[in-house]
Amino acid sequence: MAQKVLIVEDDGNIAELLHLYLEKEGFETQVAPDGGKGVELFRAFRPDLVLLDIMLPVMDGWSVLKKIRENDKTPVIMLTAKGETVDKVSGLEMGADDYIVKPFEMKEVLARIHAVLRRYGGEQDGEEKKLTFPKLVINLDSYELLVDGKRVDTPPKELELLYHLASAPNRVFTRNQLLDEVWGFDYFGDSRTVDVHIKRLREKLEGVCDQWSLKTVWGVGYKFEVASGATA
């Protein structure tokens, strides 16, 4: 069965180009010309991936992404003419999976789509993705974080980052490694988004247990430090 891609793009020429290339690659596509229609089609079409422009009529891309992320983790690749770092960071912090700046090469778009779908598909391989420590359960199957027995609302990328760190206790990861391994692409050497996600995770986890902690290794990166025998 063909994988489905929703294209939310108000530029008719770009939307048609994406539609033609993706159909040729074997994807089933639908096109939404504005943000409002994008949200509507997302619910009806149930795509495997969304290509989402930022500058849209009716509802901008940020608002569409926010709506999608309210209760869904379908991968989203942002398409925009804006190349500033602040826009890239904003998109990633809000839960986007990748970011492509116009004008783009179709080969790059297709490569990014395949890479994101591979990463996403890798989460559905049947292997249990759940880590347990004293007073902490990180469940990537249900996308739940339990802290001291209570469910804590956590955006998907924050949870994926914590899971990645905690799955290799005491190993130090550089920011670039985390961008590559959690976000899945080289984010132009800008590490601010990792720092922001770590800060938010610390707010949720600080002081809960003395058996583990999120540590900064100055000048290098981060690690999930675990005391000997702390895995439950």
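What counts and what doesn't
Residues numbered from 1 in each chain as written. Predicted model: local features only at pLDDT ≥ 70, side-chain atom pairs only at ≥ 80, totals over all residues. Heavy atoms only, no water. Buried < 20%, exposed > 50% of the residue type's maximum accessible area, 1.4 Å probe, protein only. Helix = DSSP H or I, 4+ residues; strand = E, 2+ residues; numbered from the N terminus. Axes fitted to C-alpha atoms, helices over the stretch in contact; angles between N-to-C directions. Parallel < 35°, antiparallel > 145°, perpendicular 65-115°, else oblique. Left-handed = near helix turned anticlockwise from the far one by under 90°. Contact = heavy atoms within 4.5 Å. Nonpolar A, V, L, I, M, F, W, Y, C, P; charged D, E, K, R; others polar. Salt bridge = Lys/Arg side-chain N within 4 Å of Asp/Glu carboxyl O. Lys, Arg positive; Asp, Glu negative; His and termini not counted. Polar contact = N/O pair within 3.5 Å; in protein donor to acceptor, adjacent residues only side chain to side chain.

### So, helix 6 (residues 156-166)
Here is step 1 of the chain: Most of helix 6 sits out of view: nine of its eleven residues are buried.
Here is step 2 of the chain: Buried within helix 6 we find Lys-157, Glu-158, Leu-159, Glu-160, Leu-161, Leu-162, Tyr-163, Leu-165 and Ala-166.

### Quick word on the packing of helix 6 against helix 7 (residues 175-183)
Here is step 1 of the chain: Viewed as axis vectors pointing N to C, helix 6 and helix 7 meet at an angle of 115°, and their least axial separation amounts to 10 Å. Viewed along their axes, helix 6 and helix 7 adopt a mutual orientation that is roughly perpendicular. Crossing of helix 6 against helix 7: the hand is right-handed. Residues Lys-157, Glu-160, Leu-161, His-164 and Leu-165 of helix 6 touch helix 7, and the partners they reach there are Leu-178, Glu-181, Val-182 and Trp-183.
Here is step 2 of the chain: Grouping the constituent residues of the contact of helix 6 with helix 7 by class yields five nonpolar, one polar and three charged.

### A short note on the pattern of salt bridges
Here is step 1 of the chain: Summed over the entire model, instances satisfying the criterion amount to 15 salt bridges.
Here is step 2 of the chain: Between Asp-153 and Arg-151 there is a salt bridge; the shortest N-O distance is 2.8 Å.
Here is step 3 of the chain: A single network of salt bridges, built from pairs that share partners, joins Arg-69, Asp-97, Lys-157 and Glu-160.

### Focus on the side chain of Asp-34
Here is step 1 of the chain: The residue Asp-34 is located in the loop between strand 2 (28-32) and helix 2 (35-45) in this model.
Here is step 2 of the chain: Of the side chains with opposite charge, Lys-37 lies nearest to the buried Asp-34, which makes no salt bridge, at 7.8 Å.
Here is step 3 of the chain: In this structure the side chain of Asp-34 is engaged in a polar contact, spanning 2.7 Å, whose partner is the backbone nitrogen of Lys-37.
Here is step 4 of the chain: Excluding residues within four positions of it along the chain, Asp-34 makes contact with Val-8, Pro-57 and Val-58.

Purely spatial values, then, with no claim about function.
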